[in-house]
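# Fold and contact review
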Amino acid sequence: MDIQERINRLIAEMSLQEKALLCSGRKFWFTRGIRSRGIEPYMVTDGPHGLRKQKAGGSINDSVNATCFPCACTMASTWDPELVRGVGERIAGEAKQEGVGIVLGPGANIKRSPLCGRNFEYYSEDPYLSGTLAGAFINGVQSKGIGTSLKHYAVNNQESNRMRIDAVVDERALREIYLASFERAVKTGHPYTLMCSYNRINGRFASENKWLCEDVLRGEWGFDGYVMTDWGAINDRVTGLKCGIELEMPGGSGESVKKIVEAVEKGDLDIRILNRAVRRLLEVNFKVNAAKESNYKYDVEEHHSYARKVAADGAVLLKNEGGMLPLKKGRRLTVLGELARTPRYQGSGSSLIRPNKISSPLEALSAQTEVVFAPGYNGYGDKSNKKLLSEALALAHQSEGPIVVFAGLTLFYESEGFDRKHLSLPPNQNELIDKLADAGKDVIVVLYGGSPVEMPWIDKVKAVFYMYLPGQAVGEAAADLLFGEVNPSGKLAETFPLSLKDTSCFNYFPLGPRTVEYRESIFVGYRYYDTAKKEVLFPFGYGLSYTEFAYSDLVLDKRTLGEGDSLTVSFKVTNIGARAGKETAQIYVSHPGGRVFRAEKELAGFVKVALEPGETKEVSLTLEPRAFCYYNINERGWRAEGGTYEIRVGASSRDIRLSEKVNIIAKSLANPYINKRIACYFAPDGTFGDEAFAEILGRTPPIKEFAKKPVTGDSNVLENRRTLFGRIFGFLMVYGSAFVLRGKDENSRLIRHFMTTMMRSNTLRSIATSNGGMLTMDAMDGLLIAFNGKFLRGIGRTMKAIKENVRYDKILREIETREK
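In what follows, the accompanying structure is described.

### Quick word on the nonpolar core
Tyr153, Phe406 and Met455 are the most contacted members of the largest nonpolar core, which totals 205 residues. In terms of residue count, the dominant contributor to this core is helix H11 (residues 271-290) (eight residues). Contact partners of tyrosine 153, with chain neighbours within four places excluded, come to Leu179, Phe182, Leu194, Met195, Cys196, Ser197, Ala206, Leu212, Cys213, Val216, Leu217 and Trp221. Within the second largest apolar cluster, 29 residues are counted, among which are Phe549, Tyr551, Val609 and Leu611.

### Let's talk about the packing of aromatic side chains
Applying the stated rule across the entire model yields 29 aromatic pairs. Look at tyrosine 466 and tyrosine 468: their rings are 4.6 Å apart centre to centre, the planes differ by 85°, and that puts the pair in the edge-to-face class. On the accessibility criterion, tyrosine 466 (0% relative accessible area) is buried. Tyrosine 468 gets classed as buried once you look at its relative accessible area, which sits at 1%. Put simply, the rings of Tyr508, Phe523, Phe597, Tyr673, Tyr681, Phe682 and Phe688 pair up and form one aromatic cluster. Directly above the ring of tryptophan 638 sits arginine 626, whose terminal nitrogen or CZ lies 3.6 Å from the centroid.

### So, the side chain of threonine 148
With respect to the helices and strands, the residue threonine 148 is situated in strand S4 (residues 147-153). Among the polar contacts made by the side chain of threonine 148, one reaches the side chain of glutamine 142 at a distance of 2.8 Å. Among all residues touching threonine 148, those that are not within four sequence positions of it are Ile102, Val103, Gly105, Ile138, Val141, Gln142, Pro191, Tyr192 and Thr193.

### Remarks on the sheet that holds strand S28 (residues 643-652)
Across the sheet, which stays open at both edges, the five strands sit in the order S21-S29-S28-S23-S24 with mixed pairing between neighbours. Looking at which strands have only one partner, the edges of the open sheet turn out to be strand S21 (560-562) and strand S24 (602-611). The sheet shows a mean angle of 30° between the axes of neighbouring strands, direction not considered. Where S21 and strand S29 (residues 655-665) come together, three bridges link them in parallel fashion.

### Points about the environment of proline 48
Structurally, proline 48 can be placed in the loop between strand S1 (43-46) and strand S2 (65-66). Separated by 102 residues in the primary sequence, proline 48 and leucine 150 have C-alpha atoms spaced 9.5 Å apart. When residues no more than four places from it in sequence are discounted, the contact partners of proline 48 are Met75, Ile91, Leu104, Pro106, Glu121, Phe137, Lys151 and Ser351.

### Notes on the sheet that holds S4
Within a sheet, adjacent strands bond to each other through the backbone by hydrogen bonds, running parallel or antiparallel. Read from one edge to the other, the open sheet built from five strands follows the order S1-S3-S4-S6-S9, with strand pairing classed as parallel. The sheet is open, and its two borders are formed by S1 and strand S9 (226-229), each paired with just one other strand. Strand-to-strand twist in this sheet, taken as the mean axis angle between neighbours without regard to direction, amounts to 30°. Examined bridge by bridge, S1 and strand S3 (residues 100-104) share four bridges and lie parallel to one another. Bridge pairing links valine 44 to isoleucine 102 in S3. Packing against the sheet, helix H8 (residues 210-220) makes contact with S4, strand S6 (193-196) and S9, and its axis sits at approximately 125° to S4.

### Considerations on the pairing of S6
Burial of the side chains of S6 extends over both faces: Thr193 and Met195 are buried on one face and Leu194 and Cys196 on the other. As defined by bridge partners, S4 adjoins S6 across three bridges and the pair is classed as parallel. Bridging from a neighbouring strand, tyrosine 153 pairs with cysteine 196 of S6. The pairing of S6 with S9 spans four bridges and is parallel. Following the sheet pairing, threonine 193 is matched in S9 by tyrosine 226.

### Re helix H15 (residues 386-398)
Its 13 residues place the ends of H15 19 Å apart at the C-alpha level, agreeing with the 18 Å of an ideal helix rising 1.5 Å per residue. Each element contacted by the buried residues of H15 is listed here: strand S11 (333-336), strand S13 (371-374), strand S14 (403-408) and helix H16 (427-438). Looking at where H15 begins, the residue whose side-chain oxygen comes 3.1 Å from the main-chain nitrogen of lysine 387 is asparagine 385.

### Concerning the environment of glutamate 94
Looking at the element boundaries, glutamate 94 is found in helix H4 (residues 81-97). The exposure class of glutamate 94 is buried, given its relative accessible area of 2%. Linking glutamate 94 and tyrosine 296, residues 202 residues apart in sequence, is a C-alpha distance of 8.8 Å. The contacts of glutamate 94, once residues within four sequence positions are left out, are Leu51, Ala66, Thr67, Phe69, Tyr298 and His303. Looking at glutamate 94, its side chain comes within polar contact range of the side chain of histidine 303, at 2.7 Å.

### With respect to the side chain of glutamate 159
Among the secondary structure elements, glutamate 159 is positioned in the loop between S4 and strand S5 (166-168). In this structure, glutamate 159 is in contact with Gly117, Arg118, Ser415, Glu416, Gly417, Phe418 and Asp419, ignoring residues within four places of it in sequence.

### Description of the pattern of salt bridges
Enumeration according to the criterion identifies 77 salt bridges in this entry. The partner of arginine 626 in a salt bridge is glutamate 183, and the shortest N-O contact between them spans 3.0 Å. Highlighted residues: arginine 626 in the loop between strand S25 (616-623) and strand S26 (629-632) and glutamate 183 in helix H7 (residues 180-189), separated in sequence by 443 residues. Residue classification places arginine 626 among the partly exposed residues on the basis of a relative accessible area of 30%. A salt bridge links aspartate 778 to lysine 259, with the shortest nitrogen-to-oxygen separation between them at 3.6 Å. Of this pair, aspartate 778 sits in helix H24 (residues 777-787) while lysine 259 sits in helix H10 (residues 255-266); the two residues are 519 residues apart in sequence, bridging distant segments of the chain. Judged by its relative accessible area of 30%, aspartate 778 falls in the partly exposed class.

Calculation rules
Residues numbered from 1 in each chain as written. Predicted model: local features only at pLDDT ≥ 70, side-chain atom pairs only at ≥ 80, totals over all residues. Heavy atoms only, no water. Core = buried A, V, L, I, M, F, W, Y, C linked by side-chain atoms within 4.5 Å. Buried < 20%, exposed > 50% of the residue type's maximum accessible area, 1.4 Å probe, protein only. Helix = DSSP H or I, 4+ residues; strand = E, 2+ residues; numbered from the N terminus. Contact = heavy atoms within 4.5 Å. Phe/Tyr/Trp six-rings, centres within 6.5 Å; stacked < 30°, edge-to-face > 60°. Lys NZ or Arg CZ within 6 Å of the ring centre and 35° of its normal. Polar contact = N/O pair within 3.5 Å; in protein donor to acceptor, adjacent residues only side chain to side chain. Pairing = 2+ DSSP bridges. Axes fitted to C-alpha atoms, helices over the stretch in contact; angles between N-to-C directions. Expected span 1.5 Å × (residues − 1). Salt bridge = Lys/Arg side-chain N within 4 Å of Asp/Glu carboxyl O.

In structure tokens, the structure reads:
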């Protein structure tokens, strides 16, 4: 029988308990199976730039070795969907070898602020670029029969208070920026699953948002997989199921299963909703299990070579004064900076990979030329070390050639679980670079990090590479670029502001503890900087090469468009330099003088072209009808405003080389913003007042603070200090996790820092839903009573809940394992 016939038969035959059982995970990383029904469990695991499969019986920092590919921030800078697809294909191969059914990635959240601690896992500040690359990654993984889980849906743009924050955002910004990235990934990639985020969106948890998970995701975008929670993101299991959350992770306890069963029996949950969830879960289950190959082996060396290629293609050459780069081999090279010896090559948190191998820049450079080295600074701190600094300056003084300084954001500067506080590099690194440049040395800076940084010395150094987080081939990629074996072709997928104060959300990030207001609306990234005419350090789409390119002969296939028409854009790109290279040409759409506030320009297409010296290629792209539209809040749909639009082709958002006009004939609609006092959105300057934000939001924003009493499930560990018992509980949560994750290797330190930092801000509700079944929500309800001063009553309720959960878990385990 075919899959649908089999599913129909199973749904007809399965008991209520069996159906509810499938809606919860088990053993932290597994779905549940029912042996007697022929339903096999499968494993899910991180992550978006490599496999972080936790070893059986191991702790969170004890994962199998895998290829650490460049992080999403680096992949995005390639502007190369096929290259990103290749990463997905190879991660799928490693998942296949390890018996993993679904890879938890990619992340398609928008880089609202450069401070977000998890930006390294996301692609871009632009939804078109982000959605395109996420879709390519998904297609790569799923081409090998392994599923993906597109995350974190939605509006999860900060780590601070992420378990409880309410993202207050107007519908246009939702549609045009924050959902558009996911929409494109869903429509082009067709992921097997989506993962909902922890936060609330306009008052509702993502895990209880029917509009988000059913009406938009399925009804409008055609998603046909299932939605899982992030680990511990569930609030009310039955409500979540009604709203389109099929799978609760990590699950592990029988509590949510029991609640689903009781809700159906009481008539509070329609059995058709449960059957629908089971169907969606089984459709993916059967696809995933059919793709298993027990003897599959991936090529470790080929994967490393591919990681090296992606790392080099994703590096961005920001400055190259006087053609300082590439360097010539055969000369003694002075290399400074601890990050040359112990490089930063990935982020921290749930995506932390234990790499198959690692090459440092110092090793890779030393293999090709004579190198003298001094660390110059302590890689684990900010304070200047006079001895290390003096040694580095003395070595530089002896150098007759250029000096390469390796610097960047160190291990504990950015991670899942917390946000950055500033855009600065560690002060000891800036001091080293400043002193070298002030001494008249030719300084080349190679930077590592997951997001933009300030560069106060930029005018004093000769060249700058931003490598982002390039994965395990960090050393070879740096050598390839510095010696010219690879011509840099990376372009920034995000704007580098001059300072934090220049960002559009400077006054509105991260806020909390209860709400964060997205007052800047659609003005995110270059949409803000270019509209407000803000000077920036480096613009969106910017990146240099060792060669140069010229653009010419822009042709549009139409001069007039009707609503719903597409437009084909053709032009030529010529390599006018002496080296082979690649250029990413970007197409922007602008509508000067429109009645509706819009960004000065919006990315509508791009193409990466490889050219030999002197070679010309004609490229052609078709712009979708949506490229000319804004989301009309009155019409509840995408509409184009009639008038004259400009098609701009350039090497970055600030380097437009070609431009032509096209006229759009569209139905005249009432201006949705007429008579609204929102002048700050027509001439944005970073200040968006209370009244104007309320106007575009359509209501008064909710209050920003939580009530201080009583302690609730939304209270975090640090706030739970009303009683001695609460303080003891918090101590055990934070320092207990540190003890469990003790270890001296780098991965152990990073995971320990991530977990203890995150635990301090973790909500009590999330602790109850993310521990794998040891502590249930009913048990936490008892603890909440105890935390609020009624100790004996609360502990009694907790013990009763634990006992009941153990009893019910035993029943479910028998259901899972019994033979036919």
